[in-house]
Amino acid sequence: MAIKPILTVPDPILKQVSKPVENVNDEIRALVADMLDSMYEAKGIGLAAIQIGVPLRVITMDLVWGKEDADGNKTDARLPQVFINPEILDKSEDLSPYEEGCLSVPDYYDEIERPAKVKIKYLNEKGEEIIEDAEGLYATCIQHEMDHLNGVLFIDYLSRLRRDRAVAKVKKNKKLSV
Ligand code: K2U
Ligand code: ZN
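Everything numeric in this text was worked out from a predicted model, so none of it was measured. (Residues numbered from 1 in each chain as written. Chains lettered and ligands numbered in written order. Predicted model: local features only at pLDDT ≥ 70, side-chain atom pairs only at ≥ 80, totals over all residues. Heavy atoms only, no water.)

Asker: How should I be thinking about the pattern of salt bridges in this particular structure?
Answerer: Any two side chains of opposite charge can pair, given that their charged atoms come close. This model, assessed by the stated rule, comprises eight salt bridges. The partner of Glu100 in a salt bridge is Arg114, and the shortest N-O contact between them spans 2.6 Å. Here Glu100 is found in strand β4 (residues 95-102), whereas its partner Arg114 is found in strand β5 (residues 105-115), with 14 residues between them in sequence. Asp110 is the salt-bridge partner of Arg162, the closest N and O atoms lying 2.9 Å from each other. Taken together, the positions of Arg162 in helix α3 (residues 160-177) and Asp110 in strand β5 put the pair 52 residues apart, joining distant regions of the chain. The class of Arg162 is partly exposed, set by a relative accessible area of 38%. The class for Asp110 is buried, based on a relative accessible area of 8%. Because the salt bridges share partners, they merge into one network encompassing Glu100, Arg114 and Asp147. (Salt bridge = Lys/Arg side-chain N within 4 Å of Asp/Glu carboxyl O. Helix = DSSP H or I, 4+ residues; strand = E, 2+ residues; numbered from the N terminus. Buried < 20%, exposed > 50% of the residue type's maximum accessible area, 1.4 Å probe, protein only.)

Given below as structure tokens:
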């Protein structure tokens, strides 16, 4: 179990198309453990393996962690989810907007519209096939992460001007932080 550095734009590795997992074995489960450690450390609610430099179709997510309770206190409860070789089987025509961010494009947020509901198929950490419907933040996040598996970042949906501004901001902040 280890915290791995998260790649940021304009690292070309982030544009790679990740390969399917052939066998859900202990090596994959060790990767998942590193991904969860890295995701929680970076305060993300989702992470794709390519973001820690591993070009395999593996996603981790936790939509419970970090939620605020009625008193506005962040909960420490965790409900980690693992998606191996995920596929979208169906998507709604209805779209929903969300102010997205990305651990690989730190401190930049912009509104992205995505299908409001999706039907997904994936393997869990035991290699069992799961088919389920996702909506709300779950639908937004799984689509954002599945884009990472295809080398697509949320800023790729923006105008060239806004995309260049986002990359320039990340580069500037990286220079200031050394
Ligand atoms: O970099 C990542 O892929 C993690 C993403 C996951 C995400 C993207 C868009 C919308 C929802 C989730 C985020 O950086 S995790 C940070 C975050 C936390 C709560 C809500 C939105 C973004
Ligand atoms: Zn992202």
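Asker: Would you take a moment to explain the site of ligand 1 for this structure?
Answerer: Taken together, 15 residues are adjacent to ligand 1, and Gly46, Gln51, Leu103, His144 and Glu145 come closest. Leu103 is positioned with one of its backbone polar atoms (N or O) 2.6 Å from an oxygen atom of ligand 1. Within the contact set of ligand 1, an oxygen atom lies 3.0 Å away from a side-chain nitrogen or oxygen of His144. For ligand 1, the accessible surface in isolation is 470 Å², of which the surrounding protein chains cover 85%. Broken down by secondary-structure element, the contributors of at least two residues to the shell around ligand 1 are β4 and α2 (136-149). Grouping the amino acids of the shell around ligand 1 by side-chain chemistry returns six nonpolar, seven polar and two charged. (Near = heavy atom within 4 Å. Polar contact = N/O pair within 3.5 Å; in protein donor to acceptor, adjacent residues only side chain to side chain. Areas by Shrake-Rupley, 256 points an atom, 1.4 Å probe, with all protein chains shown as cover. Nonpolar A, V, L, I, M, F, W, Y, C, P; charged D, E, K, R; others polar.)

Function cannot be inferred from these measures alone, as they are strictly geometric.
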